[in-house]
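Remarks on the overall topology
So you can see what is in the structure, the chains are spelled out below.
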Amino acid sequence: MDPKGGKGVLSTLDHYVSKDDQGQAVLADLQGPGCIRRMYFAGAPRNGASDLLGGPRTISFYFDGEIEPRLKTTLQTLAQDIADWKIICPWPHAVATPLVGHGGGGYYCYLPLAYERSLKVVLDAASLKRFSYQIGYHTYAAKPAGMKSFDRAELSRALADPYLKLVPRVTDPDVSPVTGMRLRERVVPQATLASGKQAEALLAGPGLIREVDVLWTRPDTAVQRGLVLRCYWDDGPHPSVEVPLDDLFGFDHGNKARVRLYMLDREDSNGGLRRGRLWLPMPFRKSARVAITNEYGGGVPLGFTVRYARQRELDRDLGYLHVRWVRGMAREAGDKPAGEALAPPPPAAAHTLLELSNAGRFVGCMLAVNKLRSGRDFLQCGESMEVDGRESRGSAMDHFFNGYDKYRSRFNAAYHAVPIQRGGNLSQFRFFIPDSVPFQAGFKLSFPNPDGEDMSSIAFWYQREPHAPFPPLQDAKERARFHRTFLVAGALEAENLKVELSTRYLRPAVVPMEDIEDGQWSNDRQL
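Note that the structure is predicted; figures quoted are calculated from it, not measured.

The rules we used
- Residues numbered from 1 in each chain as written.
- Predicted model: local features only at pLDDT ≥ 70, side-chain atom pairs only at ≥ 80, totals over all residues.
- Heavy atoms only, no water.
- Helix = DSSP H or I, 4+ residues; strand = E, 2+ residues; numbered from the N terminus.
- Buried < 20%, exposed > 50% of the residue type's maximum accessible area, 1.4 Å probe, protein only.
- Contact = heavy atoms within 4.5 Å.
- Areas by Shrake-Rupley, 256 points an atom, 1.4 Å probe, with all protein chains shown as cover.
- Core = buried A, V, L, I, M, F, W, Y, C linked by side-chain atoms within 4.5 Å.
- Salt bridge = Lys/Arg side-chain N within 4 Å of Asp/Glu carboxyl O.
- pLDDT = per-residue confidence, 0-100.
- Pairing = 2+ DSSP bridges.

Some remarks on the overall build of the chain
- Across its full length, the chain carries five helices and 35 strands.
- Going through the 527 residues of the chain one by one, you find that 55% of them count as buried.
- Across the chain, contacts joining residues at least 24 apart in sequence account for 78% of those joining residues at least 6 apart.
- For the chain, the exposed surface amounts to about 22,500 Å²; the carbon and sulfur share of it is 49%.

As structure tokens, this is what we get:
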């Protein structure tokens, strides 16, 4: 987008922009030049019958003042219609995940819909009660060279190799294509990385890292977040990337769940071997240092490969990748070690994923929740996003991650995923690749946390160097510690009693209750 233009998100609940002459709901009425980058429709079921909309509804797109819609379909067939056009990510490493689909209770669409003069989106429903939607779009101060309004016959041009054009400039509306790459590899062989030691790969610039591929063995299911990835660009004194491996690749709860996004992938085998791959472009001019430190108490088998391309030069305005991990709940004074009784920490007003006061471009986030209390009411609290001092508020956390109704199931799509929905634990990813958010003077993203849930998050963004140093990470033991176990003070735990008598038909058994969403269970178990 053009920083002198604007970026908008229409986010509505029980509402629409206006009604047209036929009484149909106008979801968006946009003036160009611009481009819709993301659409999300919550509450529209996969099978077509809907008590929210009263049945399948037609959605029409009118470009540049046309009387007849150039694109007309229904929410229920939108995914299939566009899947028939073979709109999938062309990146060689990615799975064939369509850019349009259904998951988590709603429909999403990342098909770019450019418009030179105007675009009106109309749904043939007079009432949108309990139906919500979001339309994210970019506007431009001037029409970019070669820009044309959406044409189904020219989709291949609109979607040509978006990966090579991803690396964002900080201030320029376009992205710089990096072509003719010949990938090189810097391999750190697999070996046991001792506690307190570091494995690193050093690269000479200018260049562009295309992939960081890490293999490691889970050391202890009770101790997470002990391995930390840090990246330093151009001999910088402070890491621009600082994140626990477990969180980066979605292992934050120690659960096994496959994540396959266009920018990130993870696998977990039965033998405890973990693999994580990150594909966000990482440009550097002078040098790059990719380091993994073992802050866990014992040795960990680990190795990784950095795949990169040397460049003669890089555009002076290209931003550097920054990744930062934040935990929204620190250890309170008087807390006891993990596994012992814990008093629930006091509620936090909000969890802030990222707050900056400079120029850059926000491209994604992960938000994990380790439940302390029953219910999922926090998922109904919308985000607050401030861009250059202008604040916008969303309708709900699950809507932000393209879900609905507190998530009906796990799902995995092109740019977003909820790979873990186990009991009270949640992991949620969303990358803003087609709809990245540029900012000139500051950016802030936060979610309300009215019940004091244990939230941790990762923010991904690009900006110039140098940057202000990140606040220190929590101690490794503190990072691994979850404020989860609930014990009734002075209570006698029946599951800890010694079983002295059982019969053929009556065998006492201890049942784990940590995945039961309703209520709090003392010691997370019952007899």
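Side note on the nonpolar core
- Membership of the largest hydrophobic core comes to 60 residues, with the highest contact counts inside it found for Ile209, Leu302 and Phe304.
- Core analysis: the second largest hydrophobic core is formed by 28 residues, Val387, Phe400, Phe411 and Phe443 among them.

Let's talk about the environment of Val510
- Within the fold, Val510 resides in the loop between helix H5 (476-480) and strand S34 (511-512).
- Considered as a pair, Val510 and Ala494 are 16 residues apart in the sequence and their alpha carbons are 8.9 Å apart.

Quick look at the pattern of salt bridges
- Scanning the model with the defined rule gives 17 salt bridges in all.
- The salt bridge involving Glu211 is made with Arg307; its shortest N-O contact spans 3.2 Å. Remark: Arg307 occurs in strand S22 (residues 300-310) and Glu211 occurs in strand S14 (residues 207-217); sequence separation between them is 96 residues.
- Where Asp247 meets Arg225, a salt bridge forms, and the shortest distance between an N and an O atom there is 2.8 Å. On the criterion of sequence distance, the pair formed by Asp247 in helix H3 (residues 245-248) and Arg225 in the loop between S14 and strand S15 (227-233) is long-range, its members being 22 residues apart.
- Looking at Arg225, the relative accessible area reads 2%, which means it is buried.
- Counted as one network, the salt bridges with shared partners bring together Glu185, Glu211, Asp213, Arg275 and Arg307.

Re the confidence of the model for the chain
- For the chain, mean pLDDT is 75; residues scoring 70 or higher make up 67% of the total.
- Ignoring residues within four places in sequence, the model shows residues 514-519, a span with pLDDT below 50, making 15 contacts including any to other chains.

Remarks on unusual backbone geometry
- In the segment running from Gly205 into Pro206, the intervening peptide bond is cis, with an omega of 0°.
- The omega torsion across Glu465 and Pro466 is 0°, close enough to zero to call that bond cis.
- Within the fold, Pro466 resides in the loop between strand S33 (454-463) and H5.
- You will see that Asp64, though not glycine, has its phi angle at about 55°, which is positive.
- Within the secondary structure layout, Asp64 lies in the loop between strand S5 (58-63) and strand S6 (71-74).
- The backbone phi angle of Asp388 is positive, close to 55°, even though this residue is not glycine.

A short note on the pairing of strand S23 (residues 320-327)
- Counting buried positions over the eight residues of S23 gives seven, a clear majority of the element.
- Relative to S23, strand S16 (residues 241-244) runs parallel, the two sharing two bridges. Bridge assignment links Glu242 to a residue of S23, and that residue is Arg324.

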